[in-house]
Amino acid sequence: MSLGAAAFLGLGAIGAPMAARLARGARLTVWNRTRTRAEAFARAHGARDAATPREAVEGADVVVTCLPTSREVEALLGGADGLLAGLATGALFIDCTSGDPAGSRRIAARLAERGVAYADAPVSGGTNGAEAGTLTIMVGADEPTFDRARPVLALMGSRIVHVGPIGAGDALKAVNNALLALNILGVGEGLATLVKAGVSARTAFDVINGSSGRSFVSETLVPERVLTGAWPRTFRLALLEKDVGIARELAREIGVDAPLLDLTSELFDRARAALGESADYLEAIRLIESQAGVEIRG
């Protein structure tokens, strides 16, 4: 299907393959903070690259953003070269940033003043899912906006779920990633304990993954990336730490006592400080190995 004119802003590890799929169904203009990345993408996918956010969205029926945080999206709104200066009344704005609910509500309010509909639509599935178009997309919006957004999102994901009003998508994504983070820590600590007790990591996983302790982390991530010693960099630990923090703050704001979220947030904050901004999220297990004095390998 053809979606007409569209703009995509944010060509990172997840955003670039999402934009590539959108380019198959729309006349696409792209913008990225690093202009050379946008230029290279445009050449590869038959798109047009823009020098400013305003230029990117001028004439676009649909705008998709995929940036690190809601703050970056908000920062693009104002000014002579900002999004609000170029957006047309009646446009649809889909924010695939893993943002925070309050930030999304602020963005939506500013866009509404210009007659622009907004949906927060964070994604799950990693770079592989983005490339294959099999992402799960959690959408926070009113029903009419969700109905408009669905065919756009269907180009980039296979499971499109309307989870509630504006901000609900961000909330669900943050809690999902907090559970991922908690699993990483639990699997890392458990395996370090078993290896130090004399059980091989491979044997431990053979049993755990046939038993009640199994999870996506134990069944897929650690066997493929940790036991092999591959440690690929697919998703920055800093971004996962941000998502855990969003979940933690959400729980506090609505009065939910969440000691596990508090502890997970604190531990990932320490891991980020120790490992740096470029570390992969699974490298939190490296700290557990170091503290235990063991190496988890198959």
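Residues numbered from 1 in each chain as written. Predicted model: local features only at pLDDT ≥ 70, side-chain atom pairs only at ≥ 80, totals over all residues. Heavy atoms only, no water.

Novice: Describe in detail helix H9 (residues 168–196), supporting the description with residues and values.
Specialist: Here H9 is 29 residues long and its end C-alpha atoms lie 42 Å apart, about the 42 Å a rise of 1.5 Å per residue gives. A positive phi of about 105° marks Gly198, the residue just after H9. (Helix = DSSP H or I, 4+ residues; strand = E, 2+ residues; numbered from the N terminus. Expected span 1.5 Å × (residues − 1).)

Novice: Tell me what's going on with the pattern of salt bridges, and back it up with residues and numbers.
Specialist: Enumeration according to the criterion identifies 18 salt bridges in this entry. For the salt bridge of Arg48 with Glu55, the shortest nitrogen-to-oxygen distance reads 3.2 Å. When its relative accessible area of 39% is taken as the criterion, Arg48 is described as partly exposed. Note on Glu55: relative accessible area 27%, which makes it partly exposed. Arg252 is the salt-bridge partner of Asp262, the closest N and O atoms lying 3.9 Å from each other. Remark: Arg252 occurs in helix H12 (residues 237–253) and Asp262 occurs in helix H13 (residues 259–275); sequence separation between them is 10 residues. On the accessibility criterion, Arg252 (45% relative accessible area) is partly exposed. By sharing partners, the salt bridges in this structure join Arg248, Glu249, Arg252, Asp262 and Glu266 into a single network. (Salt bridge = Lys/Arg side-chain N within 4 Å of Asp/Glu carboxyl O. Buried < 20%, exposed > 50% of the residue type's maximum accessible area, 1.4 Å probe, protein only.)

Novice: Please provide a residue-by-residue account of helix H8 (residues 143–153), values included.
Specialist: When H8 is considered as a whole, its buried residues turn out to be Thr145, Phe146, Ala149, Val152 and Leu153. On an axial view of H8, the arc spanned by its buried residues comes to 115°, and they lie on one face. On its buried face, H8 is in contact with helix H1 (15–22), strand S4 (62–65), strand S5 (92–95), strand S6 (117–120), strand S8 (135–140) and strand S9 (157–164). (Arc of directions from axis to C-beta. Contact = heavy atoms within 4.5 Å.)

Novice: Run through the environment of Leu11, naming residues and quoting values.
Specialist: Tracing the backbone through its elements, the reader meets Leu11 in the loop between strand S1 (5–9) and H1. When the C-alpha positions of Leu11 and Asp147 are compared, they lie 25 Å apart, and in sequence the two are 136 residues distant. For Leu11, the residues in contact, after removing those within four places along its chain, are Ala16, Ala19, Val30, Trp31, Asn32, Arg37, Ala38 and Phe41.

Novice: With reference to specific residues and values, describe the packing of H12 against H13.
Specialist: When two helices pack together, you describe them by how their axes are tilted relative to each other and by the distance separating the axes. Two elements in contact, H12 and H13, have axes separated by 9 Å at closest approach and are oriented at 155°. Classified by the angle their axes make, H12 and H13 are roughly antiparallel. Along this stretch, H12 crosses H13, giving a crossing that reads as left-handed. Together, Leu237, Ala238, Leu240, Glu241, Val244, Gly245, Ala247, Arg248, Ala251 and Arg252 of H12 and Leu261, Asp262, Thr264, Ser265, Glu266, Phe268, Asp269, Ala271, Arg272 and Leu275 of H13 make up the contact between the two elements. (Axes fitted to C-alpha atoms, helices over the stretch in contact; angles between N-to-C directions. Parallel < 35°, antiparallel > 145°, perpendicular 65-115°, else oblique. Left-handed = near helix turned anticlockwise from the far one by under 90°.)

Novice: Pulling in residues and values, what's your account of the pairing of S9?
Specialist: By the bridge criterion, 6 bridges tie S8 to S9 in an arrangement that is parallel. Bridging across to S9, Ile137 finds its partner in Ile160. Assessed by its sense of winding, the connection that carries the chain from S8 through H8 to S9 is right-handed. (Pairing = 2+ DSSP bridges. Right-handed = clockwise from strand over helix to strand, strands pointing away.)

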